[in-house]
Amino acid sequence: MASDRFEKVVSLAKRRGFVYPSSEIYGGLSGFWDFGPLGTELKNNIKSAWWETVVWSREDVVGLDSAIIYNPKVWEASGHTENFADPLVECKGCHQRFREDTLEKKQCPNCGGKEFTKPKMFNLMFKTYVGPVEDEEGLAYLRPETAQGIFINFQNIVNTNRLKMPFGIAQIGKAFRNEITTGNFIFRSREFEQAELEWFCHPKEADKWFKFWQKERISWYEALGMKRKSLRFREHEVTERAHYAVTAFDIEYNFPWGWGELEGIANRSDFDLKVHNLSYKDEETGEEFVPYVVEPSVGIERSAFAFLLDSYDEEGEGSKKRVVLKLHPRLAPYKVAVFPLVANKPNLVKKARGIYDSLKGEFPVAWDDRGNIGKRYFAQDEIGTPWCVTVDYDTLEDGTVTVRDRDTTKQDRIVIDDLLPYFSSKI
Ligand code: GAP
């Protein structure tokens with residue numbers, strides 16, 4: 001059933017334009033994905049929901065949008081040039097390469113062979129060259145995490161903003177990792193977006209803030225409709241912690257193939273600010289110290305996939321069977337769909353078009369006048385549109401429309417002028 005869900009969600013995502021393989025007309029490129037019209041809306045909604053909660057709703061968090069390519073000295077100082085690597089092995093039978101720690105029962109997933117070369121550490125950072133000469137001097141890296149952009153701007157932000165410890169700096173942006181093995185659809189890709197908060201605090205308070213952010217982050221998923229039973233915390237073993245972390249927990253999602261990391265929450269200690277020679281002076285107490293950093297970090301595509309999986313449902317039998325994405329209205333790509341009952345009655349179409357135009361300026365609205373109403377409802381259910389508005393003959397008489405709720409399929413009559421406040425109050 002679980003793998004069934006995986007296949008169904010992947011197929012829906014491709015069929016309805018959430019996700020396409022990147023460069024598909026040239027055979028694709030492993031680990032890269034393009035997001036279609038609906039996927040773009042979903043990702044944007046996740047990013048804005050994150051930003052609203054983490055930045056706008058707090059007076060102690062500010063945002064940043066740093067470059068993707070930094071001076072390569074950043075990665076030397078941060079330890080990524082040396083440590084950001086996975087163990088690579090090659091199957092002696094078919095010569096395919098794998099990340100050693102992902103091999104089940106030490107067996108080649110391609111040919112079943114059991115003999116591998118000795119593991120070599122493979123650095124995951126993509127290399128590029130800055131400027132016209134491709135030599136060591138121009139060597140640079142695409143960032144594998146957005147966090148370093150925050151650390152290297154720490155002093156700039158402290159100097160140009162009135163911030164008192166503790167405070168946070170948030171960033172959403174692209175990250176790149178030359179993963180040895182990609183897979184499970186968009187779960188592990190080579191180009192993805194991260195939403196990261198670096199929360200700077202006094203070292204004595206790091207444990208308290210770590211717990212605080214654990215709670216905050218799990219509540220965020222719940223507030224957006226993710227089932228609590230689909231989520232759990234898992235503490236990292238000492239051996240699996242990133243080189244900078246002193247404590248690390250994952251928020252895991254119960255993916256169809258088992259529990260997997262959705263978001264990482266790490267206590268990065270004073271590691272990063274120390275390696276970049278940065279510190280903080282408390283103007284009130286005069287104390288100078290190197291702050292500790294608590295970091296919640298989530299991948300946008302990975303969370304989009306988890307939201308799709310979690311909201312996928314099938315209901316009814318036979319011709320009544322429907323597939324429905326019960327996405328939170330905040331995340332749904334379209335908030336409302338508007339239909340004229342039939343397409344060949346100009347007065348119905350005109351009225352419906354007027355409603356469509358008036359709502360469209362407020363949020364994304366779909367228009368559909370093809371086929372029968374039942375099919376149109378089902379097509380909207382499948383992409384998670386929370387409400388469908390139908391203009392029928394009664395509308396011309398009394399100025400009301402039918403509003404059909406995606407989750408209950410219940411239909412209400414609502415006065416046209418009340419539509420905007422009705423939907424706005426629920427999004
Ligand atoms: N700055 C900390 C950091 O980068 P991470 O655990 O390596 O920590 C954070 O990554 C999050 O980024 C993960 O929880 C996951 O959601 C996402 N992520 C990491 N690698 C990814 C990949 N190859 N493809 C998609 N998302 C990824």
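Residues numbered from 1 in each chain as written. Predicted model: local features only at pLDDT ≥ 70, side-chain atom pairs only at ≥ 80, totals over all residues. Heavy atoms only, no water.

It is worth spelling out the overall build of the chain at this point. Check the secondary structure of the chain and you find 13 helices and 23 strands. Seen through its C-alpha atoms, the chain measures out along the principal axes to roughly 75 × 65 × 50 Å. Burial statistics for the chain: of 427 residues in total, 50% are counted as buried. When contacts within the chain are restricted to residue pairs at least 6 apart in sequence, long-range pairs at least 24 apart make up 64% of them. Charged side chains in the chain number 59 positive and 67 negative. The centres of these two groups are separated by 4 Å. (Helix = DSSP H or I, 4+ residues; strand = E, 2+ residues; numbered from the N terminus. Buried < 20%, exposed > 50% of the residue type's maximum accessible area, 1.4 Å probe, protein only. Contact = heavy atoms within 4.5 Å. Lys, Arg positive; Asp, Glu negative; His and termini not counted. Charge placed at Lys NZ, Arg CZ, Asp CG, Glu CD.)

Take the domain arrangement of the chain next. Domain parsing of the chain yields domain 1 (2–69 + 145–309) and domain 2 (334–424). In this structure, domain 1 and domain 2 have C-alpha centres spaced 37 Å apart. Of the roughly 530 Å² buried between domain 1 and domain 2, counting both surfaces, carbon and sulfur atoms make up 51%. Summed over the shared surface of domain 1 and domain 2, the number is 2 salt bridges. The tally of links between domain 1 and domain 2 comes to 3 residue pairs in polar contact (both at pLDDT 80 or more). Elements supplying a minimum of two residues to the side of domain 1 that touches domain 2: α1 (2–15) and α2 (37–56). For the side of domain 1 that touches domain 2, the leading source of residues is α2, giving 3 residues. Of the residues contributing to the side of domain 1 that touches domain 2, the split by class is 3 nonpolar, 1 polar and 3 charged. (Domains from an automatic or database assignment. Buried area = accessible area lost by both parts, 1.4 Å probe. Salt bridge = Lys/Arg side-chain N within 4 Å of Asp/Glu carboxyl O. Polar contact = N/O pair within 3.5 Å; in protein donor to acceptor, adjacent residues only side chain to side chain. Nonpolar A, V, L, I, M, F, W, Y, C, P; charged D, E, K, R; others polar.)

Our focus in this paragraph is the pattern of salt bridges. Per the stated rule, a full pass over the model turns up 37 salt bridges. In this structure, R330 engages E52 in a salt bridge whose closest nitrogen and oxygen atoms are separated by 2.9 Å. In this pair, R330 is assigned in the loop between β18 (322–325) and β19 (336–340) and E52 in helix α2, connecting sequence segments 278 residues apart. One network of salt bridges, with partners in common, ties together D313, E315, R322, K326, D381 and R404.

Looking now at the pairing of strand β21 (residues 387–391). Residues in a regular strand point their side chains to alternate faces of the sheet. Of all 5 residues in β21, 5 are buried, a share of seventy percent or more. Neither face of β21 is open: one carries W387, V389 and V391, the other C388 and T390, and all of them are buried. In this structure, β19 lies alongside β21, joined through 5 bridges in parallel fashion. The residue bridging V336 from the neighbouring strand is W387, located in β21. (Pairing = 2+ DSSP bridges.)

Across the 6 residues that make up strand β22 (residues 400–405), a large majority, 5, are buried. Sheet topology places β21 next to β22; 4 bridges connect them, and they run antiparallel. Looking across to β22, one finds that W387 is bridged to D405. The turn joining β22 and strand β23 (residues 411–415), which pair antiparallel and follow one another in sequence, is formed by 5 residues; a positive phi near 60° is taken by T409.

In this structure, the second largest pocket encloses a volume near 200 Å³. Lining the second largest pocket, in full, are A2, R5, K227, K229, S230, Y253, N254, F255, P256, L309 and D310. Among the elements of the structure, α1, β12 (247–255) and α9 (300–311) are those that each provide at least two residues to the lining of the second largest pocket. Considering every element that reaches the lining of the second largest pocket, the biggest residue donor is β12, with 3 residues. Of the residues in the lining of the second largest pocket, the class split is 5 nonpolar, 2 polar and 4 charged. (1 Å grid on protein atoms, 1.4 Å probe; cavity = no way out; pocket = protein on both sides within 12 Å on 5 of 7 lines; lining within 4 Å. Points joined across faces, edges and corners; volume = space filled by probe spheres on them.)

For the rest of this paragraph, the subject is the site of the ligand. E145, E179, E196, E261 and L262 are the nearest of the 21 residues found near the ligand. Contact distances for the ligand include 2.6 Å between a nitrogen atom and a side-chain N or O atom of E145. Separating a nitrogen atom of the ligand from a side-chain N or O atom of E295 is a distance of 2.8 Å. Protein coverage of the free-state accessible area of the ligand, which is 560 Å², stands at 91%. At the level of secondary structure, the elements contributing two or more residues to the shell around the ligand comprise β10 (191–201), β13 (258–269) and β16 (292–299). Take the shell around the ligand: its biggest share by element is 5 residues, from β13. When the residues that make up the shell around the ligand are grouped by side-chain class, the tally is 6 nonpolar, 5 polar and 10 charged. (Near = heavy atom within 4 Å. Areas by Shrake-Rupley, 256 points an atom, 1.4 Å probe, with all protein chains shown as cover.)

Helix length check: helix α7 (residues 206–223) (18 residues) gives 25 Å between terminal C-alpha atoms against 26 Å at 1.5 Å per residue, within 8%. G225 sits one or two positions beyond α7 and adopts a positive phi of about 90°. (Expected span 1.5 Å × (residues − 1).)

Here we take up a negative patch on the surface. On the surface, a cluster of negative charge is contributed by E134, D135, E136 and E137. Mapping E137 onto the fold places it in the loop between β7 (127–129) and β8 (139–141). (Patch = residues over 30% accessible without salt bridge, like charges linked within 9 Å, V, L, I, M, F, W, Y side chains within 5 Å.)

The subject of this paragraph is the side chain of E301. The topology assignment puts E301 in helix α9. Assessed through its relative accessible area of 4%, E301 is described here as buried. Once residues within four sequence positions are removed from consideration, E301 is found in contact with F35, K43, I186, F192 and E193.

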